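One-letter residues, chain by chain:
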Amino acid sequence: MAVDDQAGSDPAEQALAPEPVISPVPAPVPAPAPSGGLGQLIRFGLVGGVNTLIDLVLYMVLTGVGLPFLVANFVSTSAGMGFSFVANKYFTFGGGGGGAAKQGALFFAFTAFGLWVIHPVVIFGVEALMAVLDQPLTGLAAWLPKLAAICAGLVWNYTAYSRVVFRRR
């Protein structure tokens, strides 16, 4: 007999060989990540809207119970940012590649840069442009610098989140 013919023919060998495990329930198929494009932009906008409501309502409640404005603002923006991270990670971008700690650090860094660098630069730029155009920033026009900063921040955040923070590797 050839060596191959003898393999598995010994009853002792067969008793020691592990039986194949057959699971009656198939392994779950991971849900596909939300697609990019318009759907992703809509989810990003929804998360931003809820994030803004969390920030605003919590700020109003905290200042209403007597907390100083800066403390209330820190707590409310932190709560909004925490919600925004989780919702964008799982709802908008489908988890993205990488661990939560690394993504959290990147998320904070990009969001902080947008809020504390891009927003002031845009506000200053719009104010300067309006001054050059001899247009007073009164009434509704007083909102233009902040609205321009919000728009720039939205573009910055979406680009950073989709291409760096939650990018699939």
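Definitions and limits used
- Residues numbered from 1 in each chain as written.
- Predicted model: local features only at pLDDT ≥ 70, side-chain atom pairs only at ≥ 80, totals over all residues.
- Heavy atoms only, no water.
- Patch = residues over 30% accessible without salt bridge, like charges linked within 9 Å, V, L, I, M, F, W, Y side chains within 5 Å.
- Areas by Shrake-Rupley, 256 points an atom, 1.4 Å probe, with all protein chains shown as cover.
- Salt bridge = Lys/Arg side-chain N within 4 Å of Asp/Glu carboxyl O.
- Helix = DSSP H or I, 4+ residues; strand = E, 2+ residues; numbered from the N terminus.
- pLDDT = per-residue confidence, 0-100.
- Core = buried A, V, L, I, M, F, W, Y, C linked by side-chain atoms within 4.5 Å.
- Buried < 20%, exposed > 50% of the residue type's maximum accessible area, 1.4 Å probe, protein only.
- Axes fitted to C-alpha atoms, helices over the stretch in contact; angles between N-to-C directions.
- Parallel < 35°, antiparallel > 145°, perpendicular 65-115°, else oblique.
- Left-handed = near helix turned anticlockwise from the far one by under 90°.
- Nonpolar A, V, L, I, M, F, W, Y, C, P; charged D, E, K, R; others polar.

1. With respect to a nonpolar patch on the surface
Taken together, the side chains of Val-57, Val-61, Val-65, Leu-67, Val-71, Phe-74 and Val-75 define a hydrophobic patch exposed on the protein surface, amounting to about 610 Å² of accessible area. Among the elements of the structure, α3 (38-64) and α4 (69-92) are those that each provide at least two residues to the nonpolar patch. The element best represented in the nonpolar patch is α4, accounting for three residues. Relative to the helices and strands, Leu-67 is located in the loop between α3 and α4.

2. Re the confidence of the model for the protein chain
Per-residue confidence for the protein chain gives a mean pLDDT of 84; residues scoring 70 or more make up 79%. Looking over the protein chain, one finds the lowest element-wise mean pLDDT in helix α1 (residues 3-6), namely 52, and the highest in helix α5 (residues 100-132), namely 94.

3. Some remarks on the nonpolar core
Counting 11 residues, the largest nonpolar core consists of Phe-44, Met-81, Phe-85, Phe-93, Phe-107, Phe-110, Tyr-158, Ala-160, Tyr-161, Val-165 and Phe-166. Of all elements in the fold, only α4, α5 and α6 (144-165) reach the threshold of two or more residues within this core.

4. Considerations on the packing of α5 against α6
Where α5 contacts α6, the two axes come as close as 8 Å, and the packing angle between them is 150°. Between α5 and α6, the interaxial angle falls into the category roughly antiparallel. Pair α5 / α6 crosses with right-handed handedness. Per-class residue counts for the contact of α5 with α6 are 20 nonpolar, six polar and two charged.

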